Amino acid sequence: MTDLKTCSTGPMIELSEVIFSWNFDTVVLNLDRLRIFPGERVFIAGPSGSGKTTLLNLIAGIITPQKGTVSVSGEILNRFTGTQRDLFRADHIGFIFQMFNLVPYLSVVENVTLSCSFSKKRRDRAISRSGSIKAEADRLLKNLGMNGTMGAGQPVTRLSVGQQQRVAAARALIGEPDIIIADEPTSALDMDHRKTFLELLFKECKRKQGTIVFVSHDTSLETMFDRTIELNAINRIDR
Ligand SMILES: Nc1ncnc2c1ncn2[C@@H]1O[C@H](COP(=O)(O)OP(=O)(O)O)[C@@H](O)[C@H]1O
Ligand SMILES: [Mg+2]
């Protein structure tokens, strides 16, 4: 696999002639072409049920299309085996899930450092940034506004929704992946906290000029992004 840094001229993400259905009779996504370039911060908008989460899962190689290709930095993910896609994702993509998907039996810091267990690249980058994986987890949690009363050794089950969101963001950011994918991570927050959270996320991605693909149905956030993609406008399915 090529190092993503060497491929800065082409699109970071490219979907071409993609057709995806969860069950064979109903097509959820039918996309001609979708391109996202390195360092772009893209807002994906669309009503509930329009296929936003499905699209993010395709980009992350969690699922593969029935037709067409999904490329990340020139690598065609749907030609990889499932294991290769898992490794590729661990190295290059930080995913903030809609429901956060924190591991309930792990502590705050163990949840954050989890990404480094699956990727040597991210482990090495975290260590070179802060001296140790734990120190980098602490730095991210602090910068993302985790308050000091909630210790890094606490179980995540005791966290508020806002705190869980910060842990999920730190887990995605650790080891500076090339792409951050975020699926409605701000939906549980009020407007002030949504904007603050996004600013912190952008700040952390800036050093590496990471590509951000952010999904929300809250269009008031879209002015913070370089570009908006209206999913319904590019999805060629009959509704
Ligand atoms: N795991 C799944 N199995 C079957 N159908 C699914 C699954 N996930 C989503 N869908 C269906 O795919 C469509 C798009 O869903 P989704 O991508 O979650 O939309 P959004 O994120 O925009 O709300 C919906 O009709 C939904 O019911
Ligand atoms: Mg969704």
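The model shown is predicted, which means the values in this text are computed figures rather than measured ones.

Student: Break down the pattern of salt bridges for me, with residues and values.
Tutor: In the structure shown here, the tally under the stated rule is 14 salt bridges. R33 is paired through a salt bridge with E14; the nearest N and O atoms lie 3.8 Å apart. One end of the pair, R33, is in strand β2 (residues 29-36); the other, E14, is in strand β1 (residues 13-20), with 19 residues separating them in the sequence. Close ionic contact of D178 with K208 constitutes a salt bridge, the shortest N to O distance being 3.3 Å. You can see D178 sitting in the loop between α6 (161-173) and β7 (179-183) and its partner K208 sitting in the loop between α7 (191-206) and β8 (211-216), a full 30 residues away along the chain.

Student: Break down the packing of α6 against α7 for me, citing the residues and quoting the values.
Tutor: Any two packed helices are characterised by the angle at which their axes cross and by the distance between the axes. Where α6 meets α7, the axes come as close as 11 Å, and the angle between the chain directions of the two elements is 15°. By the angle class used here, α6 and α7 are roughly parallel. Crossing angle aside, the handedness with which α6 passes α7 is right-handed. The residues of α7 that touch α6, namely those facing Q165, A169 and L173, are F197, L201, E204 and C205. Residues of the contact of α6 with α7, tallied by class, amount to five nonpolar, one polar and one charged.

Student: Quick one: what's the story with the layout of surface pockets, residue by residue and with numbers?
Tutor: Over the atoms rolls a probe the size of a water molecule, and in doing so it shows where empty space is left. Approximately 380 Å³ is the volume found for the largest pocket. What lines the largest pocket is a set of 17 residues, and nearest its centre among them are R89, I93, F97, S115 and F118. Here the lining of the largest pocket takes four residues from helix α2 (residues 82-92), the largest share from any one element. Grouping the amino acids of the lining of the largest pocket by side-chain chemistry returns ten nonpolar, three polar and four charged.

Student: Account for the side chain of R122, with residues named and values stated.
Tutor: Counting through the fold element by element, R122 comes out in helix α4 (residues 120-130). Buried charge without a salt bridge: R122, with D91 as the nearest opposite-charge side chain at an N-O distance of 7.1 Å. A distance of 3.2 Å separates a polar atom in the side chain of R122 from the backbone oxygen of I93.

Student: I'd like to hear about the nonpolar core, residue by residue, with values.
Tutor: Here is a general trend for soluble globular proteins: nonpolar side chains tend to be buried in one another's company. Counting residues in each nonpolar core, the largest one holds 38 residues, and the members touching the most others are I96, V167, L198, F214 and F225. Contributing elements (two or more residues each) for this core: β3 (41-45), α3 (108-118), α5 (133-143), α6, β7, α7 and β8. In terms of nonpolar packing, the next biggest core, distinct from the first, is built from 31 residues, L58, F80, I93 and V215 among them.

Student: How would you summarise the site of ligand 1 if you had to cite specific residues and measurements?
Tutor: Close to ligand 1 lie W22, V28, P47, S48, G49, S50, G51, K52, T53 and T54. Take S50: an N or O atom from its main chain is 3.2 Å from an oxygen atom of ligand 1. Within the side chain of K52, an N or O atom sits 2.8 Å from an oxygen atom of ligand 1. About the coverage of ligand 1: the protein hides 55% of its 560 Å² of free accessible area. Within the shell around ligand 1, the residues separate by chemical class into three nonpolar, six polar and one charged.

Thresholds, definitions, all that
- Residues numbered from 1 in each chain as written.
- Chains lettered and ligands numbered in written order.
- Predicted model: local features only at pLDDT ≥ 70, side-chain atom pairs only at ≥ 80, totals over all residues.
- Heavy atoms only, no water.
- Salt bridge = Lys/Arg side-chain N within 4 Å of Asp/Glu carboxyl O.
- Helix = DSSP H or I, 4+ residues; strand = E, 2+ residues; numbered from the N terminus.
- Axes fitted to C-alpha atoms, helices over the stretch in contact; angles between N-to-C directions.
- Parallel < 35°, antiparallel > 145°, perpendicular 65-115°, else oblique.
- Left-handed = near helix turned anticlockwise from the far one by under 90°.
- Contact = heavy atoms within 4.5 Å.
- Nonpolar A, V, L, I, M, F, W, Y, C, P; charged D, E, K, R; others polar.
- 1 Å grid on protein atoms, 1.4 Å probe; cavity = no way out; pocket = protein on both sides within 12 Å on 5 of 7 lines; lining within 4 Å.
- Points joined across faces, edges and corners; volume = space filled by probe spheres on them.
- Buried < 20%, exposed > 50% of the residue type's maximum accessible area, 1.4 Å probe, protein only.
- Lys, Arg positive; Asp, Glu negative; His and termini not counted.
- Polar contact = N/O pair within 3.5 Å; in protein donor to acceptor, adjacent residues only side chain to side chain.
- Core = buried A, V, L, I, M, F, W, Y, C linked by side-chain atoms within 4.5 Å.
- Near = heavy atom within 4 Å.
- Areas by Shrake-Rupley, 256 points an atom, 1.4 Å probe, with all protein chains shown as cover.

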